[in-house]
Amino acid sequence: MQIIDRFEDLQDRLTEEGGSLRECHIIELDLSSIDWSGAQLVGVVFERVRFDGTHFNNAALIGVLFIGCDLVDTVFLETTFRQVVFGPDGDRGCVLTHAAFIGATGEELAFVRSDLSRVAFTGTHFSVAAVLDCSLEECRLLGADWQAANFAGSSFAGGQMVQCNFAGASLAGTKLIAVIVIECDLAGARLDGAAMPGAKLANCSLREIDFTAASVAPIVFASSDLTNARFDGLALGNADLRETTLDGARFVGTQLEGARLAGARGAGVDMSGARLEGCDLSGTTLLESQLVGAILRKATVANTDLTASNLTRADLRMSEWSEATLAQVDMRGAILGPTSFDECD
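Please read all numbers here as calculations on a predicted model, not as lab measurements. (Residues numbered from 1 in each chain as written. Predicted model: local features only at pLDDT ≥ 70, side-chain atom pairs only at ≥ 80, totals over all residues. Heavy atoms only, no water.)

(A) Representation of the nonpolar core. Counting 107 residues, the largest nonpolar core has Phe46 and Trp146 as its most contacted members. Among the secondary structure elements, those contributing two or more residues to this core are helix H1 (7-16), strand E3 (24-27), strand E9 (80-87) and strand E11 (105-112). Looking at this core, the element that brings in the most residues is E9, giving three residues. Not counting residues within four places of it along the chain, the set of residues in contact with Phe46 comprises Ile26, Leu31, Trp36, Leu41, Phe51, Val64, Leu65, Phe66, Ile67 and Cys69. (Core = buried A, V, L, I, M, F, W, Y, C linked by side-chain atoms within 4.5 Å. Buried < 20%, exposed > 50% of the residue type's maximum accessible area, 1.4 Å probe, protein only. Helix = DSSP H or I, 4+ residues; strand = E, 2+ residues; numbered from the N terminus. Contact = heavy atoms within 4.5 Å.)

Take a look at the structure:
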């Protein structure tokens, strides 16, 4: 493999290969003036190279390695990646701040210990992708497909994700602090050790997720699908669970004081021992669900359907029940007084 550390030598090589490059190792050059659009780069190593503001539009990168490179404001429009790695040179990773990946596709793409702050991923599709120990603070992801990708140890603080696919992805050890996630698919994603304080998820598919594995769980899930999700024992006071789908979800022993569940619906929900003081259950449907020993003091239960649910030993003191459907509900041993029941069936 030819080592190139002089700009003139690189220009000669590009001229020979018609603007493309194969099997060479480029070291410590400033290539910001070169437009790589349409180029085919195969088996190239870029080490401590500067690409700030360059374009790789419609380029094909195959077996390319970026080591400790600067790619600030770089644009990857309709770029194809295959076996490409953006990795560190010692303690210094690649810097891709403000870079834009638009319509880019590929497989076996990896970012390792790199700075992806304020990067935009729009309409991208990467299979077998990894983003390990990277900073993606304030990044913007729109219509990006990261199915089954590995984001272990990365930080998305303050980022925005809209209509993205993270189904089956690993978010183990990630920081999703104050992120906004809208209409995204995270079904089956792993959250082992993830910290999600201040995260807001709306209209998302969160099926089969075990939130108990997260170090800090989010509390805003408005209009999301939480089928078979697990929240056992978590502190979710004042959580926003309005209009959610809760089929088979588990909230055993969960702290849900002041939570908003208006319009939530589900069957087979387990809220045994949950603390639901002061929560709003208006218009909620919980069919054949378990609320054994749950605490619903001062809760609002209006137009709520609890058909065939189990409220044995539940604490209902000072709660307000109006036009609730209680057919086949088991309330044996429940603490009822003082409780208001108005036009309940």
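(B) Layout of the side chain of Ser117. Tracing the backbone through its elements, the reader meets Ser117 in the loop between E11 and strand E12 (120-122). Residue Ser117 is classed as buried on the basis of its relative accessible area of 7%. A polar side-chain atom of Ser117 sits 2.6 Å from a polar atom in the side chain of Asp115. Other than its neighbours up to four places away in sequence, Ser117 contacts Thr97, His98, Ser135, Leu136 and Glu137. (Polar contact = N/O pair within 3.5 Å; in protein donor to acceptor, adjacent residues only side chain to side chain.)

(C) Expanded view of the sheet that holds strand E18 (residues 200-202). Pairing is parallel across the open sheet formed by seven strands, whose spatial order is E8-E10-E12-E15-E16-E17-E18. For this open sheet the edge positions go to strand E8 (75-77) and E18, each flanked by a neighbour on one side alone. Ignoring which end each strand starts from, the neighbouring axes of this sheet average 5° apart. (Pairing = 2+ DSSP bridges. Axes fitted to C-alpha atoms, helices over the stretch in contact; angles between N-to-C directions.)

(D) Spotlight on the side chain of Ser272. Assignment of secondary structure puts Ser272 in the loop between strand E19 (265-267) and strand E20 (285-287). For Ser272, a relative accessible area of 17% gives the class buried. Not counting residues up to four positions away in its chain, the partners in contact with Ser272 are Phe251, Val252, Gly253, Gln290, Leu291 and Val292.

(E) Quick look at the pairing of E3. Judged by which residues are buried, E3 turns out to be covered on both faces: Cys24 and Ile26 on one side and His25 and Ile27 on the other are all buried. The sheet contact formed by strand E1 (residues 2-4) and E3 spans three bridges and is parallel. Residue Ile3 lies in a different strand from E3, and its bridge partner there is His25. Bridge count for E3 against strand E5 (residues 45-47) is three bridges, and the pairing is parallel. Bridging from a neighbouring strand, His25 pairs with Val45 of E5.

(F) Fine view of the environment of Leu286. Among the structural elements, Leu286 can be located in strand E20. What Leu286 contacts, discounting residues up to four positions off in sequence, is Leu246, Gly266, Val269, Met271, Asp305, Leu306, Thr307 and Ser309.

(G) Highlighting the packing of aromatic side chains. In this structure the tally under the stated criterion is 29 aromatic pairs. Ring plane angle 75° and centroid distance 6.0 Å describe the contact between Trp36 and Phe46, whose orientation is recorded as edge-to-face. With Trp36 in the loop between E3 and strand E4 (40-42) and Phe46 in strand E5, this residue pair connects regions lying 10 residues apart in the sequence. Owing to a relative accessible area of 1%, Trp36 belongs among the buried residues under this scheme. On the numbers, 5.7 Å between centres and 70° between planes, the contact of Phe51 with Phe66 is edge-to-face. Taken together, the positions of Phe51 in the loop between E5 and strand E6 (60-62) and Phe66 in strand E7 (residues 65-67) put the pair 15 residues apart, joining distant regions of the chain. Across this residue pair, the class does not change: Phe51 and Phe66 are buried. (Phe/Tyr/Trp six-rings, centres within 6.5 Å; stacked < 30°, edge-to-face > 60°.)

(H) Summary view of the environment of Asn150. You can see Asn150 is positioned in the loop between strand E15 (140-142) and strand E16 (160-162). In this structure the C-alpha to C-alpha distance between Asn150 and Pro88, which are 62 residues apart in sequence, comes to 18 Å. In contact with Asn150, other than residues within four places in its own chain, are Ala129, Ala130, Val131, Leu132 and Ser170. Polar contacts involving the side chain of Asn150 include one to the main-chain amide nitrogen of Ala152, which spans 3.0 Å.

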